[in-house]
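If you want the building blocks of each chain, they are given just below.
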Amino acid sequence: MKKKRKHRKLKNEFLLNTIITITFLFVFVMVVILAFNAKLFSDEIYFKNRLVSDTLVTQLDEHSESQLMALDYYGEFLNEDGFNPQNNLDQERLRFLLQKDEMFMSGQILDAEARVIYSSSEDQGDIGFDLSMQPYISVLKEEGDYYYSNTFYSKTHNRVMASLSYKTRDYYVVVYLDLSHFKDHINFLPIKDQLEYILLDHNGTIVSSSKEDLVEARMKFSFYKVTEGSRDDFKKVIIDDTRYLLSESYSDLMNWTVIILSDYNMVLKPIYLMVLLSIGFSVVMIALILVFQNKRVNYIVKKIQELNDNLGRIQKGVYDIVFIDTPFVEFNDMARHFIKSTDQIQMREEEIRMLNSNLESIVDSRTAELSDKNIELEALLKELQDTQDLLIESEKSASFSRLIAGIAHEINTPIGVGVTMSSYLTEASKKLDKANKDKTLTKSQFNKYIEDTLEVSSILLENLIKAGELITSFKTASNNNFTYDLIDFNFYALAANLVKSLKTQIKNKDISIRLAMDNKMLMTSYPSAYSQVLTNLISNAINHGFGEDQSGTIIISGHMDASHLYLSVKDDGRGIPNEIKGDIFEPFFSTNRSGGGMGLGLSIIQNLVVNKLKGSILIDSQEGSYTEFKMTFPLDFHKTK
Amino acid sequence: MKKIGIFLMAIVLILSGCSSNKPIKVAYVAGITGDLSELGIYGRNAFLMRVDEINAQGGIDGRLIEPLVYDDLNDPEKIKAIYKEIEEEEIDFVVGHILSSLAESVLKEASSEDVLILTATMSTRIIDNVDDYLIRTCISNSQQGKKMGQLIKDDGHRAAILVTDQRNKTYSDEFGVTFESFYDGQVMTIPYLPDDESMEKILQAVESGEYGALIMVTPALDTALISQRIRLINNSLDFYGVSWSMSPDLIANGGKHVEGLKIVYQEADDQFKEARDKFYADYLETYKEESNFVGQITYEISDILFKAMKASKKIEPDQVKKELINHSFHGLSGLITINEYGDRPGVYTTYIVEEGQFIQID
């Protein structure tokens, strides 16, 4: 089905298009700006963070340099001629040196075999320990080599530590760094609140961090998945479900890496702000543009309306229209074409007027001719109607005559017999009366009279009864003697009961009756009338549909739609000859008059179907093959009124 | 308006994306901070390494493994709270738990099919022959005590000092009981805590000269420390250690003083040496430091868990358990068979420290 096109106002369409265009434009511009700004913000944050991490590395390097300077100083002291680790004075000086800088938790001096010869610990329990298998000793090959070790948990200090080992000419110096307080040494660095820092040792273990639990658990930074990053040093990482932007710098002196993490929300925050501002700005812009556009659109719509009004005036035959000059070339061109068109219309109208005046005279003469012909035709039509009425009346009369002739023919026989018997009885009675008066009446004569009278009375009564029955049939045919109730009923139930009762009629015949319809066929009508129609049709099929000893089937089928019942009664019997098909609904038409048929059955059915039930009935038959009565009835009789 | 609708629909479709397979959560629980945390850290690193490898191969049936690490501080009191978190996180599989002293608390959590726990180190006999949801890939502690008893006897020692770490009392005491039942010599048991008093008692016993063997049921750092201290006063005493101390930390911190120390440890099949070497090389490559035995066996147990998950019809504790019990797996130390109680039958063997290396001598 074609959808009805919805009509819209031109002004609304103009304004809607403006809004859509502006919205799309702003969305596009916003996307471009945001993409650009996201990169700009990311870059800015990265460079700031990189600056922080570089600064941290500088500070770390300075810190490391001061540690190494201290170790150099120890080295010089240890290399001094006459240094003896067993000497109490030298031990005091070492202790002083280790405590002076407060950079180290504790320290040990190892001999060339990596045995502890001096320890800053109070109990000196580690004196003599062999540390030659420690990786932080085995890597030191040359004088001046130093090494920041892996982190480890110190049982002595109950904290995570790392060592810094250093090789002098004859000794090793090992100092221990307290990593849990390492940030005290770098707290002067410009770490902002929203930034986190992480220091990684040479094997990626976290040695210091603003997130202290990471140090305690000696976490490897590789545990955190770097999720994104086009550059090696600019990545995103997720720690504890928070996404960070990462920048890193490397300290050559310590072999440590400085990582600065900034919450990615820092990047998103200004972007969100910018989105909000952009949306606000867009809304204001759209409002302003709409206000401005509204004025322009109103003007255009007004001009179009003006054109429309002028068209209306032209339709009414007013041609003196005036167009006011507008700033728009298109409108002015249109107005000029309008005025030209108006002039052309006026010229054509004049031409038409002239043609019309000629036409009028022609039309008048033709009209007069037509009027004469018309009168003739009317007279002919009247004649035709009269003839038609006559024919109808004749036909009615003929029908009536046929009806009367039928009735007369039927009644004539019993009445004729009645008259004859009455005449005979009268004559016999007169003879008996005369014989009685003449006193010549014999007993045998009287007995014969009585005998004849009884016989004649019996014949008379029989014929009068037959005449009475005939009259009853005529009344049935005119359906005046039925009383029907208009009720809701199930046609199927009615038909089924009927078929059941009629099966007794076919008990001695090889005929079957079949019902083919839905078992729920509700309707509102006169069930008694339907019963009669069906009874007559089925009886008709049983009695006339089949030849002597012919077997067959009578099928009663029906279906319904929203408003009608379609019913068929069909037999596969001998069919009806073509020459009598047109007569079978006629009253008194019978092919079995000799068998007692009066020829009223189908006439009664047609009368009930058409007049009582407001339906229709058709017959379809093929001789030697079948006969079918097709009927259509309204489902709700109320709706037929 | 129709155009706007299509445009919005397109945006919604682009933004909606596709849903992916839900990851499988697997927890690693061990003491990873504080005292005795060294082993937990090796285990954690090895566990995460295996998870990374599995995920790099596409996970299990297309589902990635989501590792979650919990720190039990080696404290039995913490276990209940951690398992509450594990339940809230809807984690069905747990790997870890280092010390046998946690066993009783862990066993309570392993009684239901809500979670399947796999431990590579809790060798306590408490776990032996218990049909529950705790699977163990280390050999029972009773076997270790038995082996040590035989070893000391075979080495001809008639008297030995037994240092038992009280921080892992269940393990140490059990070891002591089985050791003494297989060793008929004189035993001087010294309960150990990392303090001067314990060290003093050990030194006194050594100085008495009555004992030829020192058995240290202590972790690597303490074994190294005790060895260093003893060697300064006694060069003839034979040192013995348990699997708990089999770690590069023992050698790094013990130096030459732990040379000749014998350790009783689970046997390693030479046929699996290539797999072991590969693990140690990969660990070194990943973490720039050497792994110890806990790293090895945690990697091994993680691998066994993931193999069972792959074989299982459904990745649920009871189904995966079915794929573990009465099954054998190629591990790093050999063919590992899990019996119907979720235990690993097997025997211990002897290693010796020579030139900074652990050498299997049986």
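If you're wondering where the values come from, they're calculated on a predicted model, not measured in any experiment.

Draft legend 1. Quick look at the overall build of chain A. Each helix and strand in chain A was counted, giving 11 helices and 19 strands. Out of the 641 residues in chain A, the part that is buried amounts to 39%.

Draft legend 2. Broad picture of the interface of chain B and chain A. If you look at the interface, chain B gives 34 residues, while chain A gives 30 residues. Around 2,600 Å² of area is buried between chain B and chain A when both sides are counted, 58% of it from carbon and sulfur atoms. Here chain B is connected to chain A by 2 salt bridges. For the pair chain B and chain A, the interface holds 14 residue pairs in polar contact (both at pLDDT 80 or more). Residue assignment for the side of chain B that touches chain A shows that the elements contributing at least two residues are α1 (2–16), α2 (38–56), α8 (220–231) and α9 (248–254) of chain B. It is α2 of chain B that contributes the most residues to the side of chain B that touches chain A, 6 residues altogether. In the side of chain B that touches chain A, the residues fall into 13 nonpolar, 10 polar and 11 charged.

Draft legend 3. Representation of the side chain of Thr350 of chain B within the structure. Turning to its location among the elements, Thr350 of chain B is positioned in strand β13 (residues 348–354). Ignoring anything within four residues of it in the chain, the contact list for Thr350 of chain B reads Lys147, Leu151, Lys262, Ile263, Ile359, Gln360, Ile361 and Asp362 of chain B.

Draft legend 4. Representation of the packing of helix α10 (residues 273–287) of chain B against helix α11 (residues 293–311) of chain B in the model. Residue and element names in this part refer to chain B. At their nearest, the axes of α10 and α11 sit 11 Å apart, and the two run at 110° to each other. The orientation of α10 relative to α11 falls into the category roughly perpendicular. Crossing angle aside, the handedness with which α10 passes α11 is right-handed. Packed against α10, whose contacting residues are Arg276, Phe279 and Tyr280, the element α11 presents Phe293, Gly295, Gln296 and Tyr299 at the interface. Considering only residue class, the contact of α10 with α11 consists of 4 nonpolar, 2 polar and 1 charged.

Draft legend 5. Quick look at α11 of chain B. Helix length check: α11 of chain B (19 residues) gives 27 Å between terminal C-alpha atoms against 27 Å at 1.5 Å per residue, within 8%. Most of α11 of chain B sits out of view: 16 of its 19 residues are buried.

Draft legend 6. Representation of the sheet that holds strand β8 (residues 213–217) of chain B. Residue and element names in this part refer to chain B. Spatial ordering of the open sheet is given by β7-β6-β8-β9-β10-β13-β14, a layout of 7 strands whose pairing is mixed. Two strands close off the open sheet at either side, each with one partner strand: β7 (186–192) and β14 (357–360). Pairs of neighbouring strands in the sheet enclose a mean axial angle of 25°, with direction left out of account. Bridge count for β13 against β14 is 4 bridges, and the pairing is antiparallel. If you follow Ile352 over to β14, its bridge partner there is Ile359. Relative to β8, α8 is tilted by about 155°, and along the sheet it contacts β6 (159–165), β7, β8 and β9 (238–242).

Draft legend 7. Looking closely at the packing of helix α5 (residues 141–154) of chain B against helix α6 (residues 169–182) of chain B. Residues and elements named next belong to chain B. The geometry of α5 relative to α6 is characterised by a closest axis approach of 7 Å and an angle of 45° between their N-to-C directions. With respect to each other, α5 and α6 are oriented oblique. For the crossing formed where α5 meets α6, the hand is right-handed. Between α5 and α6, the residues in contact are Asn141, Ser142, Gln144, Gly145, Lys146, Met148, Gly149, Gln150, Ile152 and Lys153 and Tyr171, Glu174, Phe175, Thr178, Phe179 and Phe182, respectively. Across the contact of α5 with α6, the residue classes tally to 6 nonpolar, 7 polar and 3 charged.

Draft legend 8. The arrangement of the sheet that holds strand β3 (residues 93–96) of chain B in detail. All names here are of chain B. Spatially, β2-β1-β3-β4-β5 is the arrangement adopted by the 5 strands of the open sheet, whose pairing is parallel. Of all strands in the sheet, those with a lone pairing partner are β2 (65–71) and β5 (134–136), marking the two edges. With direction set aside, neighbouring strand axes in the sheet form an average angle of 25°. Here strand β4 (residues 116–119) runs beside β5; their pairing, made up of 3 bridges, is parallel. Each bridged residue has a counterpart across the sheet, and for Ile117 the counterpart in β5 is Leu134. Of the strands in this sheet, β1 (24–30), β2, β3 and β4 touch helix α3 (residues 76–88), which is tilted by about 155° from β2.

Draft legend 9. Geometry of a negative patch on the surface. A cluster of acidic residues, Glu122 and Asp123 of chain A together with Asp195, Asp196, Glu200 and Glu207 of chain B, forms a negative patch at the surface. Its location among the elements puts Glu207 of chain B in helix α7 (residues 196–207).

Draft legend 10. Seen up close, unusual backbone geometry. All names here are of chain B. Phi is positive for Leu73, close to 55°, though the residue is something other than glycine. Counting through the fold element by element, Leu73 comes out in the loop between β2 and α3. Under the relative-accessibility criterion, Leu73 is labelled partly exposed at 39%.

Draft legend 11. Structural context of the nonpolar core. Of all hydrophobic cores here, the largest spans 112 residues; its most connected members are Val26, Met148, Leu214, Ile215 and Met309 of chain B. The biggest single contributor to this core is α11 of chain B, with 10 residues. Excluding residues within four positions of it along the chain, Val26 of chain B makes contact with Phe47, Ile65, Glu66, Pro67, Leu68, Ile91, Phe93, Val95, Leu305, Phe306 and Met309 of chain B. With 55 residues, the next largest nonpolar core counts Leu71, Ala162 and Leu195 of chain A together with Ile32 of chain B among its residues.

Draft legend 12. Up close: the confidence of the model for chain B. All names here are of chain B. Within chain B, residue pLDDT values average 90, and 94% of them lie at 70 or more. Segment residues 1–19 is flagged for pLDDT under 50; beyond a separation of four residues in sequence, or across chains, it makes 4 contacts in the model. Taken over the whole predicted complex, pTM reads 0.59, whereas the ipTM for its chain interfaces reads 0.81.

Draft legend 13. Region of the structure containing the environment of Ser251 of chain A. Residue and element names in this part refer to chain A. Summarising the element assignment, Ser251 is placed in strand β11 (residues 242–251). For Ser251, a relative accessible area of 0% gives the class buried. A sequence separation of 193 residues divides Ser251 from Thr58, and the C-alpha atoms of the two residues are 7.8 Å apart. Once residues within four sequence positions are removed from consideration, Ser251 is found in contact with Val57, Asp61 and Trp256. Separated by 2.6 Å, the side chains of Ser251 and Asp61 make a polar contact. Only 3.2 Å separates the side chain of Ser251 from the backbone nitrogen of Met254, close enough to count as a polar contact.

Draft legend 14. Region of the structure containing the packing of aromatic side chains. If you walk through the whole model with that rule in mind, you get 20 aromatic pairs over all chains. Ring centres of Phe83 of chain A and Tyr171 of chain A lie 5.6 Å apart, and the angle between their planes is 85°; this geometry places the pair in the edge-to-face category. Of this pair, Phe83 of chain A sits in the loop between α1 (10–79) and α2 (88–100) while Tyr171 of chain A is found in the loop between β5 (159–167) and β6 (172–178), placing the two residues 88 residues apart along the sequence. Just as Phe83 of chain A is buried, Tyr171 of chain A falls in that class too. Aromatic side chains Tyr171 of chain B and Trp244 of chain B sit 5.6 Å apart centroid to centroid with 80° between the ring planes, which places their arrangement in the edge-to-face category.

About the criteria used
- Residues numbered from 1 in each chain as written.
- Chains lettered and ligands numbered in written order.
- Predicted model: local features only at pLDDT ≥ 70, side-chain atom pairs only at ≥ 80, totals over all residues.
- Heavy atoms only, no water.
- Helix = DSSP H or I, 4+ residues; strand = E, 2+ residues; numbered from the N terminus.
- Buried < 20%, exposed > 50% of the residue type's maximum accessible area, 1.4 Å probe, protein only.
- Contact = heavy atoms within 4.5 Å.
- Buried area = accessible area lost by both parts, 1.4 Å probe.
- Salt bridge = Lys/Arg side-chain N within 4 Å of Asp/Glu carboxyl O.
- Polar contact = N/O pair within 3.5 Å; in protein donor to acceptor, adjacent residues only side chain to side chain.
- Nonpolar A, V, L, I, M, F, W, Y, C, P; charged D, E, K, R; others polar.
- Axes fitted to C-alpha atoms, helices over the stretch in contact; angles between N-to-C directions.
- Parallel < 35°, antiparallel > 145°, perpendicular 65-115°, else oblique.
- Left-handed = near helix turned anticlockwise from the far one by under 90°.
- Expected span 1.5 Å × (residues − 1).
- Pairing = 2+ DSSP bridges.
- Patch = residues over 30% accessible without salt bridge, like charges linked within 9 Å, V, L, I, M, F, W, Y side chains within 5 Å.
- Areas by Shrake-Rupley, 256 points an atom, 1.4 Å probe, with all protein chains shown as cover.
- Lys, Arg positive; Asp, Glu negative; His and termini not counted.
- Charge placed at Lys NZ, Arg CZ, Asp CG, Glu CD.
- Core = buried A, V, L, I, M, F, W, Y, C linked by side-chain atoms within 4.5 Å.
- pLDDT = per-residue confidence, 0-100.
- Phe/Tyr/Trp six-rings, centres within 6.5 Å; stacked < 30°, edge-to-face > 60°.

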